[in-house]
Amino acid sequence: MDRQREIDRLGLSPRAVAEIAALVALSVVLSPLLSIPIGPFRAYPVQHLVNVLTAVRLGPGAAVLQAATASTLRLALGTGTIFAYPGSLFGAWLAGVLYRRFQHFVAAAFGEAIGTGLVGAAVAYGLGRLVVSREVALLGFVGPFLLSSALGAAGGVALLLALRRTGLLDGEKLSRFDAAPLPGADE
């Protein structure tokens, strides 16, 4: 019942929850396949692409929920680290906030890059000082986080533009596909 109250508080419909689940699955499955090693870190641009997509489609609350769920699953599966949280949550939230304010895909991408590359890196630096027994450099976080989020955010904008061109972004064509009978269903 508490989960249902949280979903209601975020204003998520069952369809939105299903969309978040699909986006989490996409991120968890594709992130390890498309990761880039940068020193002791791994850049996961797919997570940032999904953050931008979720922020635009569903807003900042849903984007944070998606990012937290994906980070938790990647950590549990051993394909992510504790740095996945600051590396995705702040960018997802800021992407949603800036998209809501400016209604432009580039604003969401900018929010993702700044939220992850600067804010998330600063939080990860603090976390790194607690977790790692030696001194860690702030710039050691900023570079990889900024690179990963910028690549993923650019991919997110490209995907959103493609979805807009096809009419799939607003669900216009999806509803027609949902109503169409399956091929061979009348046999």
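Residues numbered from 1 in each chain as written. Predicted model: local features only at pLDDT ≥ 70, side-chain atom pairs only at ≥ 80, totals over all residues. Heavy atoms only, no water.

1. Examining the overall build of the chain
Looking only at helices and strands, the chain has eight helices and two strands in total. Sorting the 187 residues of the chain into buried and exposed places 40% on the buried side. Long-range contacts, defined here as pairs at least 24 residues apart, represent 63% of the contacts in the chain between residues at least 6 apart. Element-wise, carbon and sulfur atoms account for 67% of the exposed surface of the chain, whose accessible area totals about 10300 Å². (Helix = DSSP H or I, 4+ residues; strand = E, 2+ residues; numbered from the N terminus. Buried < 20%, exposed > 50% of the residue type's maximum accessible area, 1.4 Å probe, protein only. Contact = heavy atoms within 4.5 Å. Areas by Shrake-Rupley, 256 points an atom, 1.4 Å probe, with all protein chains shown as cover.)

2. Observations regarding the packing of aromatic side chains
According to the stated counting rule, one finds three aromatic pairs in the structure shown. Between Tyr-99 and Phe-105, the ring centres sit 6.2 Å apart and the planes meet at 20 degrees, which makes this aromatic pair stacked. On the basis of relative accessibility, which here comes to 15%, the residue Tyr-99 falls in the buried class. Just above the ring of Phe-102 sits the side chain of Arg-101; from NZ or CZ to the centre is 5.0 Å. (Phe/Tyr/Trp six-rings, centres within 6.5 Å; stacked < 30°, edge-to-face > 60°. Lys NZ or Arg CZ within 6 Å of the ring centre and 35° of its normal.)

3. Some remarks on a nonpolar patch on the surface
Side chains of Leu-26, Val-29, Leu-30, Leu-33 and Leu-34 sit close together on the surface and give an oily, nonpolar patch of about 450 Å² of accessible area. Along the polypeptide, Leu-33 turns up in the loop between helix H2 (14-30) and strand S1 (36-38). The exposure class of Leu-33 is exposed, given its relative accessible area of 64%. (Patch = residues over 30% accessible without salt bridge, like charges linked within 9 Å, V, L, I, M, F, W, Y side chains within 5 Å. Salt bridge = Lys/Arg side-chain N within 4 Å of Asp/Glu carboxyl O.)

4. Quick word on the packing of helix H3 (residues 45-58) against helix H4 (residues 60-77)
A pair of packed helices is characterised by two quantities: the angle between their axes and the separation of those axes. Between H3 and H4, the shortest axis-to-axis distance is 8 Å and the interhelical angle comes to 150 degrees. Classified by the interaxial angle, the pair formed by H3 and H4 is roughly antiparallel. Between H3 and H4 the crossing geometry is right-handed. In this structure, H3 contributes Gln-47, Val-50, Asn-51, Thr-54, Ala-55 and Leu-58 to the contact, and H4 contributes Ala-62, Ala-63, Gln-66, Ala-67, Ala-70 and Arg-74. (Axes fitted to C-alpha atoms, helices over the stretch in contact; angles between N-to-C directions. Parallel < 35°, antiparallel > 145°, perpendicular 65-115°, else oblique. Left-handed = near helix turned anticlockwise from the far one by under 90°.)

5. Points about helix H7 (residues 139-166)
With 28 residues, H7 ought to run about 40 Å at 1.5 Å a step, and its terminal C-alpha atoms sit 40 Å apart, in line with that. Of the positions making up H7, those classed as buried are Phe-141, Val-142, Pro-144, Phe-145, Ser-148, Ser-149, Gly-152, Ala-153, Gly-156, Val-157 and Leu-160. Two residues or fewer after H7 comes Gly-167, characterised by a positive phi angle close to 85 degrees. (Expected span 1.5 Å × (residues − 1).)

6. Side note on the pattern of salt bridges
Think of it this way: side chains of opposite charge can pair up when their charged atoms draw near. The tally for this structure, following the rule as stated, stands at one salt bridge. The residue Glu-19 makes a salt bridge to Arg-57 at a minimum N-O spacing of 2.8 Å. Here the residue Glu-19 occupies a position in helix H2, and Arg-57 occupies one in helix H3, the gap between them amounting to 38 residues. Judged by its relative accessible area of 18%, Glu-19 falls in the buried class.

7. Concerning unusual backbone geometry
A positive phi is found at Gln-103, a non-glycine position, where the angle reads about 55 degrees. Of note, Gln-103 is situated in the loop between helix H5 (89-102) and helix H6 (105-131).

8. Section: the side chain of Thr-116
With respect to the secondary-structure elements, Thr-116 resides in helix H6. Ignoring any residue separated from it by four or fewer positions in sequence, one finds Thr-116 in contact with His-48, Gly-87, Ser-88, Gly-91, Gly-111, Ala-121, Phe-145 and Ser-149.

9. Considering the environment of Leu-12
Secondary-structure assignment places Leu-12 in the loop between helix H1 (2-10) and H2. Accessibility expressed as a relative area gives 10% for Leu-12, which makes it buried. Taking the C-alpha atoms as reference points, Leu-12 and Gly-61, 49 residues apart in sequence, are found 9.4 Å from one another.

10. Side note on the nonpolar core
Membership of the largest hydrophobic core comes to 19 residues, with the highest contact counts inside it found for Val-52, Val-56, Tyr-99, Phe-105, Ala-108 and Leu-160. Elements with a contribution of two residues or more to this core: H3, H4, H5, H6 and H7. Aside from chain neighbours lying at most four places away, what touches Val-56 is Tyr-99, Phe-105, Ala-108 and Leu-160. (Core = buried A, V, L, I, M, F, W, Y, C linked by side-chain atoms within 4.5 Å.)

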